[in-house]
Amino acid sequence: MRILGIETSCDETAAAVVVDGTQVVSSVVASQVDLHARYGGVVPEVASRAHVEMLMPVVAQSLVEAGVSGSDIDAVAATVGPGLVGSLLVGVSAAKALSLVWNVPFVAVNHLEAHLYAAFLEDPTMELPLVVVLVSGGHTMLISMEGHGEYRLLGQTLDDAAGEAFDKVARFLDLGYPGGPLIDRLALDGDPRAIAFPRPMLNDGLDFSFSGLKTAVVNYVRKHPDVGAADVAASFQQAVVDVLVAKARRAARDIGARGICLAGGVAANSQLRMRVLDACEEDSLHAFIPSRSMCTDNAAMIAAAGYYCYQRNGASPIDTGADPNLRLSVL
Ligand code: KG4
Ligand code: ZN
């Protein structure tokens, strides 16, 4: 089954063609980072206008790169939420129009569920149950994945998402936007033990809290204006990664997981990837770590999740709307 996936939930316009939920034959991502960088964050109105301009060229390119035409597509899957409503509407409307023109099913995809499927595109040996560490700009969750579409929420952030903390600390340090990759790079030149930032809620259940850590960074830098930015970046990153890895390991022990899977934009973080690999080796767990380009927003993961959703539930009603607050449906 050859599925065209469409992703427009935030600031990437993306389209991909994936066969049977596992073989990526094309994946095109047009990033709007340059458009938003000067504002220090995503401007929703700018994002939706850019999606309108970019989406059809990106879809056309994904078909050309896959060597197929519209008549070869068996279903169209699109992110319906969560995300920015104006951005979501562009992708959802286009996907429905294409499914009507090509007379193929439309499949509504939850963006969070799609992040989970990114790892399986590259490593289909799904060893269940799995602890998924879903860390993006808008979400931080520990999930027990027990089957396709079967998720249990083990923990989540009580305030800022991990990616949001990276972005806010980067903005405070005047590094630019998006902050995660910039902190990741700067931290390479810093000492992660230079500053003992707090590890919020480290030994306290499986929920997270990152807003106090962000405030601790701000207070420290104000008090020590001569501190090196690289040491701040490395020490902050170490604190976030310590908490994420400790809780993922504990969750894996609690549920008797066979592996740990990283998902979402923050899963591109080099320190987090290394530490999860080490932890999995020590605890004899399978590490599912998608390539960096599969961690951040893309449409291959949408087409993959769409394939499994279609197998479970068939086509989505054509009047399915965009839902900016869509949640992951859990057991
Ligand atoms: O999944 P994603 O592309 O979009 C959302 O669904 O939110 O995640 C974007 C987030 C941003 O906060 C960005 O700063 C963060 O992922 N990010 C990183 C890295 N690359 C992206 N955070 C830490 N280290 C990275 N290398
Ligand atoms: Zn995302």
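In what follows, the structure referred to is the one given above.
About the criteria used
- One numbering rule holds for all chains: residues counted from 1, following each sequence as written.
- Going through the entries in the order they are written, you letter the chains from A and number the ligands from 1.
- Two thresholds apply to this predicted model, a pLDDT of at least 70 for residue-level local features and 80 or more for giving and counting side-chain atom pairs, whereas whole-chain, interface and lining totals are computed over all residues.
- By convention in this description, side-chain values take in all heavy atoms of the structure and omit both hydrogens and water.
- Consider each residue's heavy atoms; a residue with any of them within 4 Å of a molecule or strand counts as near.
- Whenever a nitrogen or oxygen atom comes within 3.5 Å of another N or O atom, the pair is scored as a polar contact, on the condition that within protein one atom can donate a hydrogen and the other can accept it, and that pairs from neighbouring residues in sequence are kept only if both atoms are in side chains.
- Under the convention used here, a 1.4 Å probe and the Shrake-Rupley method define accessible areas, while residue burial counts only the protein chains that appear.
- Take a side-chain nitrogen of Lys or Arg and a carboxyl oxygen of Asp or Glu: if they are within 4 Å of each other, that pair is a salt bridge.
- Whether a residue is buried, partly exposed or exposed follows from its accessible area with a 1.4 Å probe, protein chains only, as a fraction of its type maximum: under 20%, in between, or over 50%, in that order.
- The helix count covers DSSP runs of H or I at least four residues long, the strand count covers runs of E at least two residues long, and both are numbered beginning at the N terminus.

Q: Any chance you could explain the site of ligand 1 here in plain terms?
A: Taken together, 19 residues surround ligand 1, and among them Gly 137, Asp 167, Gly 180, Asp 184 and Gly 265 come closest. Within the backbone of Gly 163, an N or O atom sits 3.2 Å from an oxygen atom of ligand 1. Residue Gly 180 places a main-chain N or O atom 3.0 Å away from an oxygen atom belonging to ligand 1. For ligand 1, whose unbound accessible area comes to 550 Å², protein coverage reaches 88%.

Q: What exactly am I supposed to notice about the pattern of salt bridges here?
A: A side chain of one charge can pair with a side chain of the opposite charge if their charged atoms are brought near each other. As enumerated under the stated definition, the model contains twelve salt bridges in all. Here Arg 152 and Glu 146 are joined by a salt bridge, their closest N and O atoms 3.0 Å apart. Since its relative accessible area comes to 38%, Arg 152 is described here as partly exposed. Looking at Glu 146, the relative accessible area reads 29%, which means it is partly exposed. Arg 199 is the salt-bridge partner of Asp 242, the closest N and O atoms lying 2.9 Å from each other. Taken together, the positions of Asp 242 in helix H8 (residues 229-255) and Arg 199 in the loop between helix H6 (179-187) and helix H7 (211-223) put the pair 43 residues apart, joining distant regions of the chain. By relative accessible area, Arg 199 is classed as partly exposed at 25%. Counted as one network, the salt bridges with shared partners bring together Asp 160, Glu 164, Lys 168 and Lys 214.

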